[in-house]
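For reference, the chains in residue letters:
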Amino acid sequence: MGTTRRAFLATGTGLGLGALVSGNQSFASPDAYPTGRPRSPFLRANSRGHLTYPRDAEGNRIPDFSCAGYRRGEVPIPNVPVVRTISPIDGDNTAHIQAALDAVGALPQDVTGFRGAVQLTAGTYPVYGTIKITRDGVVLRGVGDDEDPSANTVIRAIGDTPTGRYVVVLGGGPGGWSLGEIPGTRTDITSDLVQVGERSFTVADPSLVRPGDTIIVNHPCSAAWLTAVDGGGTHTDPPWDVDEWPIRFNRDVVDVSGSSVTVDTGVFNHLDRSLSQCYVYRWEQPEMVRNVGVEGIRVDIEYLGDPDTDEAHARSAFVVQQARDAWVRDCTGLHFVYAGVDIRTATQVTVANCRALRPVSLITGSRRYNFNVSSYSSQVLFSDCHASDARHAFVSNGTGTASGLVFLRGSSERSLATSEGHRSWTQGMLFDNHREIDPRVDTTVGLFNRGSAGDGHGWAAVHSVAWKCDVAGTKLVVQKPPTAQNYAIGCFGTTTGDGPFVQPAGHIEGSNDPSISPPSLYEAQLADRLLA
């Protein structure tokens, strides 16, 4: 380990396993390494104290989630210097704030990749449109996210034009997905089996990729794979169709040696050549925005009707889309229809110390996903966030294109349904020390099969973990998917395989046992990787 990283780690002040520095991003200090040895058959420590991950008979193992978050958790979120300060004006402040962001976006980037921060002073900023951060290295910063505008920055989102708009958007493009395949760079993976957690595989033509490339690892949704996973487990609905739910990972190439390619982060699903011929290609990302953030802002969305039916107002408070190495910290979103924070086509994102409160909408599908991950998003860390009155407080809607999602010390108050993988083979979710407060339903966390729910959601979470969660006496359901596994370790409440659709129980151990170690799986994994 280099001296720079060692010096950085040494700055932490131990809080349990890790040190919280610079915006609630978790980092480990040498003195904060796990003191209790893991006792799970699927998590061990070797003679040097580093974590190991025994596999079961099918090759399943607990994944390493430690690459989630801004720059894979390897550096703190920076405190970007302010280069422009503005205060509220009368009337609509959309253009006023946007002009300041655009002016900073026109400045040159410094050696760290940043241009500067726009500081919004305390006050109320009526906003009738959408505020967009579309240039690399720009930060929007308020002075606080509480409700008193004399000491905090309150964006008051007014009206419903256009219908279903977002209020603050970090990133480029319209938020949709582009495969972005650079012509002539596709090559088949020739390894017969790449197991969960592995970072290396062989390819047919290694000359097509090189260190530093960002690639897509594509696992087609083939007929053989669908047979292996019971058609998706949709029960009474028709099974998933061939090519309907591909599995995709975006990864950085760190080494090419002979025909072997090594990427930065392990895969969260087996790549079994007998079931699906996987391939890689270089990913073109013309609209991807990097090093952007929003901090210390309250978005209060105005509504005029019944809070359980009115939807004539902004859809989501904060959206991160087509962005990499981005963050939302110390922010609050209220009265949204869909999400307080929504992550869309984004990689290495931290959402820290945020609140998504009191959504205003019908209480039905496609609404009240307070902290949501959408398609083609990976390595996302939600840390110390709080939701209220949610249908799905912490949730992945990203199907087989979303993975590496960590919900660390999240809390949900008055839950109306489960925090969960929502549909179609989301992989690699970690609920780490999740906590329920005054829940309104009897099941509040699910790593399970959703069968015919929605449009045939089927297996909604695979190779996922609930670690030391407390569901306040309700049920946490964990089930075993075919070809995969889910885990619940050290959780409080009723941990069971008895879900809404009958399936085998996943791996359950240490229920209601406060001595399970380490206290946080994510923080132990991060410490283990950075101190290796």
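Just so we're clear, the structure is a prediction, and the values are computed from it rather than from any experiment. (Residues numbered from 1 in each chain as written. Predicted model: local features only at pLDDT ≥ 70, side-chain atom pairs only at ≥ 80, totals over all residues. Heavy atoms only, no water.)

Student: Please explain the layout of surface pockets as it appears in this structure.
Tutor: Taking a probe equal in size to a water molecule and rolling it over the atoms shows the remaining empty space. Taken as a whole, the largest pocket holds about 190 Å³ of empty space. Every residue along the wall of the largest pocket is listed here: Tyr53, Arg61, Pro63, Asp64, Cys67, Gly197, Arg199, Asp264, Thr265, Gly266, Val267 and Phe268. A per-class count over the lining of the largest pocket returns 5 nonpolar, 3 polar and 4 charged. (1 Å grid on protein atoms, 1.4 Å probe; cavity = no way out; pocket = protein on both sides within 12 Å on 5 of 7 lines; lining within 4 Å. Points joined across faces, edges and corners; volume = space filled by probe spheres on them. Nonpolar A, V, L, I, M, F, W, Y, C, P; charged D, E, K, R; others polar.)

Student: Even after reading the chapter, I still don't get empty space enclosed by the protein, so can you show me in this structure?
Tutor: What the rule picks out here adds up to 3 cavities of 30 Å³ or more. Forming the boundary of the largest cavity are Thr214, Asn250, Arg251, Asp252, Asp264, Thr265, Arg324, Thr347, Gln348 and Gln379. Those elements that provide at least two residues to the lining of the largest cavity are β17 (247–257) and β25 (339–352). The class makeup of the residues in the lining of the largest cavity is no nonpolar, 6 polar and 4 charged. (Helix = DSSP H or I, 4+ residues; strand = E, 2+ residues; numbered from the N terminus.)

Student: For this particular structure, what's the right way to read unusual backbone geometry?
Tutor: Among all residues save glycine, negative phi is the norm, and among peptide bonds the norm is trans. In the segment running from threonine 161 into proline 162, the intervening peptide bond is cis, with an omega of -10°. Position of proline 162 relative to the elements: it lies in the loop between β11 (153–157) and β12 (166–170). Residues other than glycine seldom take positive phi values, yet asparagine 291 does so here, at roughly 55°. Relative to the helices and strands, asparagine 291 is located in strand β21 (residues 289–295). Classification of asparagine 291 by relative accessible area gives buried; the value is 14%. Its identity is not glycine, yet serine 366 carries a phi of approximately 65°, on the positive side. Positionally, serine 366 belongs in the loop between β26 (355–357) and β27 (371–373). (Buried < 20%, exposed > 50% of the residue type's maximum accessible area, 1.4 Å probe, protein only.)

Student: Can you help me understand the confidence of the model for the protein in this one?
Tutor: When pLDDT is low, close inspection of the predicted coordinates is not appropriate. Of all residues in the protein, 92% attain a pLDDT of 70 or more, and the chain-wide mean is 92. Across residues 1–35, where pLDDT falls below 50, the model places 91 contacts with residues more than four positions away in sequence or in other chains. (pLDDT = per-residue confidence, 0-100. Contact = heavy atoms within 4.5 Å.)

Student: How should I be thinking about helix α4 (residues 521–530) in this particular structure?
Tutor: Given 3.6 residues per helical turn, the α-helix brings residues three or four places apart onto the same face. Buried residues dominate α4, accounting for 9 of its 10 residues. Among the residues making up α4, those that are buried are Leu521, Tyr522, Glu523, Ala524, Gln525, Leu526, Ala527, Asp528 and Leu530.

Student: Just to check I follow, could you spell out the environment of lysine 480 for this structure?
Tutor: Structurally, the position occupied by lysine 480 is in the loop between β39 (470–478) and β40 (486–489). Given the relative accessible area of 18%, lysine 480 is considered buried. Filtering out sequence-adjacent residues up to four positions away, lysine 480 remains in contact with Glu58, Trp459, Gln485, Pro504, Ala505 and Gly506. At 2.9 Å, the side chain of lysine 480 forms a polar contact with the backbone oxygen of alanine 484. (Polar contact = N/O pair within 3.5 Å; in protein donor to acceptor, adjacent residues only side chain to side chain.)

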